[in-house]
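The lines below spell out each chain.
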Amino acid sequence: MNQTLRGITYVSVWVVIWGTVASLMDWMLLTGEVYETGTSGQVITFVVYGVATVVLATRFAGRFLTPEGSDAPDQQ
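First things first, this report covers the structure right here in the doc. None of these values were measured; they are calculated from a predicted model.

## Quick word on the overall build of the protein
And then number 1: Scanning the protein for helices and strands turns up 2 helices and 0 strands.
And then number 2: For the protein, with 76 residues in total, the buried portion stands at 18%.
And then number 3: Excluding contacts between residues fewer than 6 apart, the proportion of contacts in the protein whose partners are at least 24 apart in sequence is 64%.
And then number 4: Put simply, the protein shows about 5900 Å² of open surface, and 66% of that area lies on carbon and sulfur atoms.

Shown next as structure tokens:
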């Protein structure tokens, strides 16, 4: 697979993961009446899950974005 296409797919999957997980948590917090729609609690929920997703995506990037046919980055 083309490296550019692989990178775009990787980022797209992480955006879907972030949106799904953050939305489910938001729904649970709204249902539990922890905060109301449009409050700062909702913003904080999505930002915290966004940061967590960026950290995870960065940590796992090496496993999925290495060029085909190479097991590890070049080491000298």
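## A closer look at the packing of aromatic side chains
And then number 1: Considering all chains together, one arrives at 4 aromatic pairs under this definition.
And then number 2: The interplanar angle of 65 degrees and the centroid separation of 6.3 Å between the aromatic rings of Tyr 10 and Trp 14 together place this pair among those described as edge-to-face. With Tyr 10 and Trp 14 both in helix 1 (residues 3-31), this residue pair falls 4 residues apart, about one helical turn. Trp 14 matches Tyr 10 in its accessibility class, with the two residues each being buried.
And then number 3: Relative to Phe 46, the ring of Trp 18 has its centre 6.1 Å away and its plane inclined at 75 degrees; by these criteria the two rings are edge-to-face. With Trp 18 in helix 1 and Phe 46 in helix 2 (residues 40-64), the pair connects residues that are 28 residues apart, well separated along the chain.
And then number 4: For Trp 18, a relative accessible area of 30% corresponds to the partly exposed category.

Parameters and conventions
Residues numbered from 1 in each chain as written. Predicted model: local features only at pLDDT ≥ 70, side-chain atom pairs only at ≥ 80, totals over all residues. Heavy atoms only, no water. Helix = DSSP H or I, 4+ residues; strand = E, 2+ residues; numbered from the N terminus. Buried < 20%, exposed > 50% of the residue type's maximum accessible area, 1.4 Å probe, protein only. Contact = heavy atoms within 4.5 Å. Areas by Shrake-Rupley, 256 points an atom, 1.4 Å probe, with all protein chains shown as cover. Phe/Tyr/Trp six-rings, centres within 6.5 Å; stacked < 30°, edge-to-face > 60°.

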